[in-house]
Amino acid sequence: MFKTILKVVGVLAALFVLTIGLLIGYIFGLNQKPRSGPALGHGIEQIADSIATTYYFEVGGGKVVLIDAGNDPTGAPILAALKSHGKTADDVEAIFITHAHPDHDAAVNVFKKAKVYAMKDEAYVADGEQAYGSPLSGLMGKFNPHPFKVTNPLKDQETVNVDGLNITAYEVSGHTPGSAVYLADGVLFLGDAASIGSNQKIRGPVYLFSTNAAQGIASLGALLKKLEPRFHEVEFITSSHSGTLPGPQGLSALADYVKEHSAN
Ligand SMILES: [Zn+2]
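These numbers come from a predicted model, not from an experiment.

As for the overall build of the chain
Now for step 1: Helix and strand content of the chain: seven helices and 14 strands.
Now for step 2: Restricting to contacts in the chain with at least 6 residues of sequence separation, those with at least 24 account for 60%.

Some points on helix H7 (residues 247-261)
Now for step 1: Compared with the 21 Å implied by 1.5 Å per residue over 15 residues, the 21 Å span of H7 between its first and last C-alpha is a close match.
Now for step 2: When we look at burial in H7, the residues that qualify are Gly250, Ala253, Leu254, Tyr257 and Val258. Buried positions in H7, seen along its axis, are confined to an arc of 135° and lie on one side of it. Opposite its buried face, H7 presents the exposed residues Asp256, Lys259 and Glu260, each directed more than 90 degrees away.
Now for step 3: Buried residues in H7 make contact with strand E12 (202-203), helix H6 (213-227), strand E13 (236-239) and strand E14 (243-246).

Some points on the sheet that holds strand E10 (residues 187-189)
Now for step 1: Pairing in this open sheet of six strands is mixed, and the strands run E7-E8-E9-E10-E13-E14 from one edge to the other. Only two strands of the sheet have a single partner each, and these edge strands are strand E7 (159-162) and E14. Each neighbouring strand pair of the sheet contributes to a mean axis angle of 25°, computed without reference to strand direction.
Now for step 2: Sheet analysis places E7 next to strand E8 (residues 165-171), joined by four bridges and oriented antiparallel. Paired with Asn161 across the two strands is Asn166, which belongs to E8.
Now for step 3: Taken strand by strand, H7 contacts E13 and E14, and its axis lies near 100° from that of E14.

Section: helix H2 (residues 76-84)
Now for step 1: Restricting attention to buried positions, one finds in H2 the residues Pro77, Ile78, Leu79, Ala81 and Leu82.
Now for step 2: Buried residues in H2 make contact with strand E1 (45-49), strand E2 (52-58) and strand E3 (64-67).
Now for step 3: The first or second residue beyond H2 is Gly86, which carries a positive phi of 70°.

Describing the environment of Glu58
Now for step 1: Within the secondary structure layout, Glu58 lies in strand E2.
Now for step 2: The spacing of Glu58 and His42 is 16 residues in sequence and 9.4 Å in space, taken between C-alpha atoms.
Now for step 3: If we skip the residues at most four places from it in the chain, Glu58 touches Gly43 and Val64.

Thoughts on the pairing of E1
Now for step 1: The pairing of E1 with E2 spans five bridges and is classified as antiparallel. Bridge pairing in E2 places Gln46 opposite Tyr55.
Now for step 2: Two successive antiparallel strands, E1 and E2, enclose a turn made up of two residues, where Ser50 displays a positive phi of approximately 45°.

Describing the environment of Thr53
Now for step 1: With respect to the helices and strands, Thr53 occurs in strand E2.
Now for step 2: Considering only alpha carbons, one finds Thr53 and His241, 188 residues apart in sequence, at a separation of 6.4 Å.

Quick word on the nonpolar core
Now for step 1: Counting residues in hydrophobic clusters, the biggest one holds 65 residues, and the most contacted among them are Leu66, Ile95, Val116, Ala118, Ala180, Val181 and Tyr182.
Now for step 2: Per-element accounting of this core gives the leading share, five residues, to strand E9 (residues 180-184).
Now for step 3: When neighbours within four sequence positions are excluded, Ile95 is seen to be in contact with Leu66, Ala69, Val108, Phe111, Ala114, Val116 and Tyr117.

The rules behind the values
Residues numbered from 1 in each chain as written. Predicted model: local features only at pLDDT ≥ 70, side-chain atom pairs only at ≥ 80, totals over all residues. Helix = DSSP H or I, 4+ residues; strand = E, 2+ residues; numbered from the N terminus. Contact = placed C-beta atoms within 7 Å. Expected span 1.5 Å × (residues − 1). Buried ≥ 20, exposed ≤ 12 C-beta atoms within 10 Å, placed from the backbone. Arc of directions from axis to C-beta. Pairing = 2+ DSSP bridges. Axes fitted to C-alpha atoms, helices over the stretch in contact; angles between N-to-C directions. Core = buried A, V, L, I, M, F, W, Y, C linked by C-beta atoms within 7 Å.

Structure, rendered in structure tokens:
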């Protein structure tokens, strides 16, 4: 009897692992892949850090601004990019965090001189006080495994100038309590608020890894309304795990997604 129970438990455990594996393959397999390189124009460099992308801007005075801080807690891919431009960790003036999931913020603390910007509502998730609260958060840790302090909390639609670079933050809560989308230098950085499928369609926040996916979809609708006066500025939209689309195509794909998935 005991052996039979053990066998059943074993089979169930194997099925569970297989299901999770297939699920992760499905979630990431449908997306375009992150790539390194200067594909965004204006000298914005993309740093692929296994599954996620960090973005690198050179600003005035030879300083550097990052959007997100990668999946590798040593910061190796970002440090390599800095080195290729003759720079070090201390040249990073500011980091703008899209959200405090561990594949986006792992190396924040490597850049000791950087100001750290994120939405006000993300601060307690960032410093590890507040749990993520997503259905599968057990897989990445219930709390942020790389806690960091948000030194410069942002308000919705706030524009910050860092050494000549204007960057506007839009709150898109849902994937996490204070997820942000940033508009800077003609590029809309979606983080995980939405992803770009290999069919070039937009998909909203992944339910299993989101605190409140339905809220995330509503936030995307609100984002489009707030962004409307600046649509003409958007040359590209880009997502952390899934590449880039030209601005007009990306915005209309985003609008299609919101229309199809809104409550009414
Ligand atoms: Zn995420």
